[in-house]
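Commentary on secondary and tertiary structure
Here's the letter readout for the chains.
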Amino acid sequence: MNMTRKKIFPRRGLSVAVSLILLPTMIPLAAHAQETAASEDTTNLDKIVVTGSNIPRTDTETASPVQVISRQEIDRTGKTTVAEYLQTLTSDGAGSIPKSFGNGFAGGGAGVSLRGLGAGSTLVLLNGRRLAPFGLADDGQKVFSDLSTIPLEAVERIDVLKDGASAIYGSDAIAGVINIILRKDFTGVVVKGSYGTSGDSDGNQRKGSITAGFGDLAEDGFNFFFSLEGSKTDAIGVDDRRNRKWIGTGDTRPWGYAIGTNLPGRITGGGTGAGGGPTGAIENPNTGLFESLPGCAALSDVTPQDPAGGCLWDVAQFRDLSPKEEYINFFSRGTFAFNDNAELYTEFGYSKKKTEFNNTPSGVSGAWGYPGGPVNASDPGPGAAVLGPDHPDNPYQGTANRLRYTAFDVGPRVTNNESQLVRFLVGVKGTAGAWDYDVGLLHSQTSLNNDRRGFLQYSHVLTALSDPNSPVGYWRIGENAGLNTQALYDYISPTISAHGDTKLDVFDAKASRSLMDLAGGSMGLAVGLEWRKQSVSLTPQTFTDFGDIIGLGYSSYAGTEEVGSAYAELVAPVLESLEFNAAVRIDSYKDGETSTTPKFGVKWSPADWIALRGTYAEGFRAPNPAESGTGGLAAFSTAVDPVRCAAPGHEPQDCDAGPIALITSPNPDLDPEKSKSYTVGLVLDPTSTTSLTLDAFRIKRTDEIFGGSSDAAIEAGGANVIRGSNDIPGTPNSGSILAVLVGYENASSTTVEGFDFDLRQRFDMGNAGKLSLDMQWTRISSFEREDVDGTKHEFAGTHGNCDVTNCIGTPKNRANFGATWDIGAFSLSSVVNWRDSIKNVTEEADTECANHFADGTDAPTGCELKSFYTIDLSGRWKPTDSWEIFGSIANVTDRIAPLDPLTYGAINYNPLDFSGAIGRYYTLGAKYTFN
């Protein structure tokens with residue numbers, strides 16, 4: 001083995017080498033370029049612990065593939081949060097939760113979805129231990145850890161374990177593990193500040209931090225440090241990007257599309273249907289057809305207007321592209337040596353974050369759901385939103401007439417989230433005889449308040465529109481809205497709220513030792529016990545428990561999970577060139593089942609410069625309280641309606657994917673999800689400056705907990721599909737789909753196959769400095785879901801799976817290319833982020849494009865969302881030992897994200913291409929170190 005490729009740490013008092021959790025380390029072949037300098041300054045070969053194992057070792061190359069991200073790699077991108085950086089990983093996929101998705105169920109949080117298997121199947125660790133989950137479940141179902149609570153200034157590096165790790169860490173590690181490793185100790189004081197702004201002079205971010213510490217563990221017997229950072233970022237509205245083609249508008253007609261869902265207010269079907277607009281549209285009692293009320297020219301600036309007589313309006317004037325955000329993150333750690341063989345350590349973390357996201361005004365009609373079923377405020381019947389027979393704005397006095405109206409006068413719907421996280425850890429680690437041990441007690445909890453303004457209370461709206469005895473009088477609409485009182489608006493649009501709490505308590509004890517010497521080295525054993533109790537609760541948004549907030553889905557859950565675990569791991573270097581490892585974990589759930597998960601690995605190194613490796617692992621994810629506890633979910637999704645699309649005389653838009661209400665009920669009889677994962681890899685280190693890894697992977701997850709297939713329910717039809725009354729003439733029961741009823745079930749299995757490629761090359765150019773190049777490439781060759789009836793859906797290379805967050809699609813290829821040039825006091829870096837093109841179909845078997853141009857041809861051209869890339873530049877200058885000046889330019893070429901008409905996570909662009917929506921962004925800052 002080439003020892004120059006190893007990361008070696010000197011001892012300091014009780015050496016960091018005995019840590020079983022707090023010191024996961026690098027695989028040098030994946031990070032050789034940034035490790036060599038550190039290696040040159042070390043002399044003592046010491047044992048360390050690699051993420052994915054509990055056994056200290058001197059050889060950091062294990063059988064499992066681990067991507068190690070240094071602090072320098074994060075800094076060179078200009079990203080200002082851990083979440084923003086991790087969402088650029090090539091291994092991240094569908095189900096990722098960006099902060100820009102502020103109108104989602106988990107608005108204000110940020111999560112990563114390794115392999116596209118969902119944030120709920122990606123385990124996030126902080127210094128090797130868990131975090132309490134975010135207070136809101138994504139899509140009302142997926143419980144995940146919020147990455148935005150982690151202080152970037154305290155991060156030392158991040159390890160991404162890309163194979164299953166349930167045998168080591170327990171549930172939720174099916175897709176892999178992200179282990180964020182913070183500083184172990186620190187002395188001195190560092191102050192840092194930065195300011196960022198876009199090329200359009202908005203989205204301004206002010207950020208500052210201080211990191212300070214004192215005490216040397218070897219000399220003083222202790223070390224204490226803290227890191228405090230705060231940031232405030234201004235919002236960017238969609239219409240602030242009107243200079244960026246389709247990014248800043250919902251009107252895509254200039255690019256060949258018909259009037260779409262982001263340009264509401266049109267009259268359809270010859271008057272049988274109408275969308276909400278700023279003037280209002282009313283059903284003529286004589287003809288049964290909708291017609292607009294007057295005043296459109298004064299209330300909407302959209303041109304040309306609807307040829308059918310509707311009043312079109314642009315959603316861009318109300319919706320945020322990026323939310324307003326401010327946060328404070330604090331982390332501290334103290335280490336105290338009892339003697340040469342034992343030490344006490346403590347960690348305390350606190351985070352407080354506020355976000356505000358603006359969305360379009362509410363309409364008075366539509367369909368939504370609650371646990372009692374769907375609410376239909378559109379179709380004829382007692383629930384319909386109508387202008388009363390005596391309403392002064394009703395042109396047909398004496399009859400109550402159905403109404404479509406978007407409440408411009410109420411204003412945008414505004415969501416405010418305020419979340420707090422507290423984390424406390426105390427532990428003892430050391431050496432007792434032949435054993436290295438680590439015992440810790442962790443408490444972590446979050447609290448979240450979700451307040452919303454601008455939403456309409458259904459029952460009060462009906463009263464104010466139709467009841468002459470309304471306590472606040474009639475709600476005047478459209479051009480007469482200026483006559484309303486504040487008391488009326490307080491009545492129809494009260495502030496509503498929800499509250500979420502999560503708690504996590506963990507006690508763990510683990511120990512490791514060498515058992516015997518084998519031909520290749522020492523056989524290592526690790527054993528451990530863990531007790532974990534996690535509780536989550538979310539109160540429903542005010543009035544949504546009985547369906548009284550127009551258009552707002554219902555989400556509520558409560559439950560506690562308690563589990564006891566025991567695990568063991570063995571590493572056996574049977575030859576100098578051959579190593580086997582195995583692990584097994586038993587998890588016993590209170591009032592539930594007991595699960596056993598094994599993992600096996602092998603590594604063969606026929607020569608110092610080459611290694612072959614492979615792993616097999618089984619995993620599981622127990623149903624969370626949102627899926628199996630009390631509560632329920634009423635959300636929104638997108639679906640293609642095969643009935644309307646096949647009806648003679650349909651409009652082109654009838655074949656496009658459109659929004660639907662999806663009502664899902666929890667199921668206490670769910671089984672855990674289970675998985676089997678395989679990796680086979682090649683590691684090459686042909687020279688001291690070149691490293692290459694290639695790892696193929698296959699993950700099959702079965703018994704998936706899934707909210708039922710909306711497509712399957714629509715295909716089956718029947719009582720579970722609620723349709724509107726706007727039938728296409730000549731085709732009965734072809735009204736627009738309003739709601740689909742499904743339930744959580746162990747409904748399907750998913751198999752993901754592909755490979756990861758990592759290449760790094762370093763050049764020493766003498767007086768011209770050093771040049772480091774790297775590339776990470778992930779290819780998803782197959783992403784197949786199989787339903788319980790045997791139907792298979794292939795999503796690789798398509799815009800699906802749209803049943804998960806954002807409908808961002810599954811590109812077959814994603815790659816990052818990096819270059820860093822260090823010369824003297826200067827460092828310059830460039831990073832290219834690229835994603836492959838995707839077919840604009842919801843799955844490979846689709847023969848119909850998901851969107852069409854106005855002339856009926858496939859949209860985008862060729863039914864393909866073009867590939868996209870951005871280039872980020874950054875630079876650093878150290879004029880003295882104390883000062884550092886740094887800056888970055890994101891999306892330096894100011895490329896515009898391709899028009900994506902299908903995703904529901906953003907308007908006209910794919911959330912994967914967020915940087916292409918914002919445009920060029922500049923950051924400048926300085927750091928001062930008190931020596």
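Above this note sits the structure.
My aim in this report is to walk through the structure given alongside it, one point at a time. (Residues numbered from 1 in each chain as written. Predicted model: local features only at pLDDT ≥ 70, side-chain atom pairs only at ≥ 80, totals over all residues. Heavy atoms only, no water.)

What follows concerns the overall build of the protein. Within the protein, the secondary structure is distributed over 11 helices and 46 strands. What you see for the protein is a C-alpha radius of gyration of 29 Å, in line with the 30 Å of a compact globule of 931 residues. The dimensions of the protein, computed from C-alpha atoms along their principal axes, are 95 × 60 × 50 Å. Considering the protein as a whole, with its 931 residues, one finds that 60% of them fall into the buried category. Looking at the protein alone, contacts between residues at least 24 apart form 71% of all its contacts between residues at least 6 apart. As displayed, the protein has an accessible area near 33200 Å², and 56% of this comes from carbon and sulfur atoms. The positive charge centre, built from 77 side chains, and the negative charge centre, built from 111, are 5 Å apart in the protein. (Helix = DSSP H or I, 4+ residues; strand = E, 2+ residues; numbered from the N terminus. Rg over C-alpha atoms; globule rule 2.2 N^0.38 Å. Buried < 20%, exposed > 50% of the residue type's maximum accessible area, 1.4 Å probe, protein only. Contact = heavy atoms within 4.5 Å. Areas by Shrake-Rupley, 256 points an atom, 1.4 Å probe, with all protein chains shown as cover. Lys, Arg positive; Asp, Glu negative; His and termini not counted. Charge placed at Lys NZ, Arg CZ, Asp CG, Glu CD.)

Evaluated as defined, the whole model comprises 4 disulfides. Through a disulfide, C645 is tied to C655; the S-S separation comes to 2.0 Å. In this structure, the disulfide formed by C645 and C655 twists by about 95° around the S-S bond and is classed as right-handed. Of this pair, C645 sits in helix α9 (residues 642-646) while C655 is found in the loop between α9 and β30 (658-665), placing the two residues 10 residues apart along the sequence. C655 shares its class with C645; the two are buried. For C802, the disulfide goes to C807, at an S-S distance of 1.9 Å. Residues C802 and C807 agree in their burial class; the two are buried. For the protein, numbering the cysteines in disulfides from first to last along the sequence yields the connectivity 1-2, 3-4, 5-6, 7-8. (Disulfide = S-S within 2.5 Å.)

As a further point, take the pattern of salt bridges. Here the idea is simple: oppositely charged side chains can pair when their charged atoms come close. In the structure shown here, the tally under the stated rule is 39 salt bridges. Among the salt bridges present, the one from R532 reaches E530, with a minimum N-O distance of 2.9 Å. The same class applies to R532 as to E530, namely buried. (Salt bridge = Lys/Arg side-chain N within 4 Å of Asp/Glu carboxyl O.)

The next subject is the environment of G411. Tracing the backbone through its elements, the reader meets G411 in the loop between β20 (401-404) and β21 (413-432). Separated by 52 residues in the primary sequence, G411 and N359 place their C-alpha atoms 9.3 Å from one another.

In this structure, strand β6 (residues 188-198) lies alongside strand β7 (residues 205-214), joined through 9 bridges in antiparallel fashion. Each bridged residue has a counterpart across the sheet, and for G188 the counterpart in β7 is G213. In textbook terms, the turn of a hairpin is the stretch between consecutive antiparallel strands, and for β6 and β7 this stretch comprises 6 residues, one of which, S201, has a positive phi near 60°. Relative to strand β46 (residues 921-930), β6 runs antiparallel, the two being bridged by 10 bridges. Bridge pairing in β46 places G196 opposite T923. (Pairing = 2+ DSSP bridges.)

One open sheet holds the 5 strands; their spatial order is β1-β4-β5-β2-β3, and the pairing between them is mixed. Looking along the sheet, the strands with just one partner apiece sit at the ends: β1 (66-70) and β3 (129-130). Two elements, strand β2 (residues 122-126) and β3, share 2 bridges in a ladder whose sense is antiparallel. Each bridged residue has a counterpart across the sheet, and for L126 the counterpart in β3 is R129.

Along the chain, Q776 turns up in strand β36 (residues 770-787). Only 3.0 Å separates the side chain of Q776 from the side chain of D774, close enough to count as a polar contact. Residues in contact with Q776, not counting those within four places in the same chain, are Q67, T90, F757, D758, R760, R814, A815 and N816. (Polar contact = N/O pair within 3.5 Å; in protein donor to acceptor, adjacent residues only side chain to side chain.)

Looking now at the packing of aromatic side chains. If you walk through the whole model with that rule in mind, you get 20 aromatic pairs. Between W313 and F318 the ring centres are 6.0 Å apart and the planes differ by 80°, which places this aromatic pair in the edge-to-face class. Looking at W313, the relative accessible area reads 3%, which means it is buried. We classify F318 as buried; its relative accessible area is 15%. Between F826 and W877, the ring centres sit 6.0 Å apart and the planes meet at 10°, which makes this aromatic pair stacked. Linking F826 in strand β39 (residues 826-835) with W877 in strand β44 (residues 868-877), this pair joins segments that are 51 residues apart in sequence. Put simply, the rings of F214, F222 and F224 touch in pairs and so form one group of aromatic residues. Above the face of the Y345 ring, K429 is positioned so that its terminal group lies 5.9 Å from the ring centre. Against the face of Y869 rests R895, its NZ or CZ located 4.1 Å from the ring centre. (Phe/Tyr/Trp six-rings, centres within 6.5 Å; stacked < 30°, edge-to-face > 60°. Lys NZ or Arg CZ within 6 Å of the ring centre and 35° of its normal.)

Counting 37 residues, the largest nonpolar core has L86, I150, V155, I158 and I180 as the members making the most contacts within it. With 4 residues, the top contributor of residues to this core is helix α3 (residues 82-86). Aside from chain neighbours lying at most four places away, what touches L86 is I69, D92, V112, L147, I158 and I178. (Core = buried A, V, L, I, M, F, W, Y, C linked by side-chain atoms within 4.5 Å.)

Strand direction decides the pairing type here: β36 and strand β38 (residues 813-823), joined by 10 bridges, are antiparallel. If you follow D774 over to β38, its bridge partner there is G818. When β38 meets β39, the two strands line up antiparallel, connected through 10 bridges. By the bridge assignment for β39, D822 is matched with S827. Connecting the antiparallel pair β38 and β39 is a turn made up of 2 residues, with G824 showing a positive phi of about 60°.

Glancing now at a negative patch on the surface. A surface patch of negative charge is lined by E593, D669, D671 and D703. Locating D703 in the fold gives a position in strand β32 (residues 690-706). (Patch = residues over 30% accessible without salt bridge, like charges linked within 9 Å, V, L, I, M, F, W, Y side chains within 5 Å.)

One open sheet holds the 4 strands; their spatial order is β13-β12-β20-β19, and the pairing between them is antiparallel. Looking at the sheet topology across the chains shown, the edges are occupied by β13 (290-292) and β19 (386-387). Sheet topology places strand β12 (residues 281-283) next to β20; 2 bridges connect them, and they run antiparallel. From the neighbouring strand, A281 faces β20, where its bridge partner is R404.

Glycine aside, residues mostly have negative phi angles, and peptide bonds mostly take the trans form. Cis geometry marks the peptide bond from G800 to N801; its omega dihedral reads 10°. Relative to the helices and strands, N801 resides in the loop between β37 (792-794) and β38. P860 follows A859 through a cis peptide bond whose omega is -10°. Mapped onto the elements of the fold, P860 is located in the loop between β42 (858-859) and β43 (864-865). We note that S201 has phi near 60°; this positive angle belongs to a residue other than glycine. With respect to the element layout, S201 can be found in the loop between β6 and β7. For S201, a relative accessible area of 57% corresponds to the exposed category.

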